[in-house]
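Fold and geometry: a report
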Amino acid sequence: MPEGDTVLQTARRLHTALAGRLLTRSDLRVPRFATSDLTGRTVLDVTPRGKHLLTRIEGGLTLHSHLRMDGAWRVYGADERWRGGPGHQIRAILGNAERTAVGYRLPVLELLRTADEDRVVGHLGPDLLGPDWDPETALRNLLADPARTVGDALLDQRNLAGVGNVFRCETCFLTRTTPWLPIGDLPSPERLVTAAKKLLEANRERSRRHLYVYGRGGLPCRRCGTPISKADDDDRPVYWCPRCQLGPVP
């Protein structure tokens, strides 16, 4: 499940493969931009913003993509077989003489002017892994609606950018609260911001995440040994330790 850490890793791979090189292949397989041709232009950089990817291209253009639940970018060598999925799932191809980046199952893909990037990412709160990170602003955003649950507030990218369902569960575990507690009732709410930052920073360089509760339903808690509980919240699986985490449960 792509979140801030994995989106950052994806941006790095794309940047290494494409930045500073002339595009020799361009294929955007979405109806609105199917006739757009980026060949002959140089990729300037690939920048993550929260869970969004911004591929900036010579001529003042940006290819904006979002992975959501199961989207992915894969990078292949010139003669390497593509293995990211069947051809009908490909939404974008960007290639140069040495590497080809292929976007699979991308639910969001659009070409826009670089000057208009705020239209797609301007609503985001401070990026946990970005240069704009501001913990005080993030905390103010989280506390703007005291009646909102901790889990919902963390998932709202307008509050702070980069937390998805995995790190919602993990952040709640580290702060010893369930996701269903109203955020205004949380003692020391600044710990939420600190924990979320710590988790994403710790996982930004890892190919596999070290997780405390997510995906561990029925397994012993790493802290106390109690079996991890699982519930569904708006079709998202939520994991928590019923002994370590205090607050309402479904």
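To start, this report covers the structure provided alongside it. (Residues numbered from 1 in each chain as written. Predicted model: local features only at pLDDT ≥ 70, side-chain atom pairs only at ≥ 80, totals over all residues. Heavy atoms only, no water.)

A closer look at the environment of Thr10
What counts here: Helical segments are the DSSP runs of H or I of at least four residues, strand segments are the runs of E of at least two, and each set is numbered from the N terminus. For every residue, the accessible area (1.4 Å probe, protein chains only) is compared with the maximum for its type, and the residue is labelled buried under 20%, exposed over 50%, or partly exposed between those bounds. Every residue pair with non-hydrogen atoms within 4.5 Å of one another is taken to be in contact.
Relative to the helices and strands, Thr10 resides in helix H1 (residues 4–18). Of the residues examined, Thr10 reaches a relative accessible area of 7% and is grouped as buried. Taking the C-alpha atoms as reference, Thr10 lies 17 Å from Trp82; in sequence the two are 72 residues apart. Non-local contacts of Thr10, meaning those with residues more than four positions away in its chain, are made with Leu53, Leu67 and Trp73.

Focus on the sheet that holds strand E1 (residues 25–28)
To keep it simple, the criterion reads: Following DSSP output, two strands are said to pair if at least two bridges run between them. Axes, fitted as lines to C-alpha atoms, cover a helix only where it is in contact. Angles between the N-to-C directions of the axes lie from 0 to 180 degrees.
Pairing in this open sheet of four strands is antiparallel, and the strands run E1-E6-E7-E5 from one edge to the other. The sheet is open, and its two borders are formed by E1 and strand E5 (72–77), each paired with just one other strand. Across the sheet, the mean angle from the axis of one strand to that of its neighbour is 20°, orientation sign disregarded. Strand direction decides the pairing type here: strand E6 (residues 90–95) and strand E7 (residues 99–104), joined by five bridges, are antiparallel. Each bridged residue has a counterpart across the sheet, and for Ala92 the counterpart in E7 is Gly103. H1 contacts E5, E6 and E7 of the sheet and is inclined by roughly 35° relative to E5.

Observations concerning the sheet that holds strand E4 (residues 61–66)
Pairing is antiparallel across the open sheet formed by four strands, whose spatial order is E2-E3-E4-E8. Unpaired on one side and paired on the other, strand E2 (43–49) and strand E8 (108–113) mark the two borders of the sheet. On average, each strand axis in the sheet is inclined to that of its neighbour by 20°, with strand direction left out of account. Bridge count between strand E3 (residues 52–57) and E4: six bridges; the pairing is antiparallel. Counterpart to His52 in the pairing with E4 is His66. Against the sheet, H1 engages E2 and E3, with an angle of about 175° to E2.

So, the packing of aromatic side chains
Inclusion rule: Any pair of Phe, Tyr and Trp rings, taking the six-membered ring for Trp, is counted once the centres come within 6.5 Å. Such a pair is stacked with planes under 30 degrees apart, edge-to-face with planes over 60 apart, and tilted for the rest. Our definition puts a charge over a ring when NZ of Lys or CZ of Arg is within 6 Å of the ring centre and also within 35 degrees of the ring normal.
According to the stated counting rule, one finds four aromatic pairs in the structure shown. Their ring planes at 20° and their centres at 6.2 Å tell us that Tyr76 and Trp82 sit as a pair that is stacked. Among the residues examined, Tyr76 registers a relative accessible area of 3% and is labelled buried. Ring centres 5.0 Å apart and planes at 80° place the aromatic pair Trp180 and Trp240 in the edge-to-face group. Taken together, the positions of Trp180 in the loop between helix H5 (165–174) and helix H6 (190–203) and Trp240 in strand E10 (residues 236–240) put the pair 60 residues apart, joining distant regions of the chain. Here the guanidinium or amino end of Arg223 rests over the ring plane of Phe173, the centre of that ring lying 4.3 Å away.

Describing the side chain of Asn203
Quick note on the threshold: For the purposes of these results, a polar contact is taken to be a pair of N or O atoms within 3.5 Å, where, inside protein, one atom must be able to donate a hydrogen and its partner to accept one; residues adjacent in sequence count only when each atom of the pair is a side-chain atom.
Relative to the helices and strands, Asn203 is located in helix H6. Within the local environment of Asn203, its side chain forms a polar contact with the backbone oxygen of Leu199, the two atoms lying 2.8 Å apart. Within the structure, the side chain of Asn203 is placed 3.3 Å from the backbone nitrogen of His210, a separation counted as a polar contact. Excluding its chain neighbours within four sequence positions, the residues that come into contact with Asn203 are Asp5, Gln9, Phe167, Arg209 and His210.

Details of the nonpolar core
Note the threshold: Grouping buried Ala, Val, Leu, Ile, Met, Phe, Trp, Tyr and Cys residues that are joined through side-chain atoms within 4.5 Å yields what is termed a nonpolar core.
Counting residues in hydrophobic clusters, the biggest one holds 38 residues, and the most contacted among them are Leu128, Leu142, Val150, Leu154, Leu160 and Phe173. For this core, the elements supplying multiple residues, two or more each, are helix H3 (135–142), helix H4 (150–155), H5, H6 and E10. One finds Leu14, Val43, Leu53 and Leu109 within the second-largest nonpolar core, a separate group that totals 24 residues.

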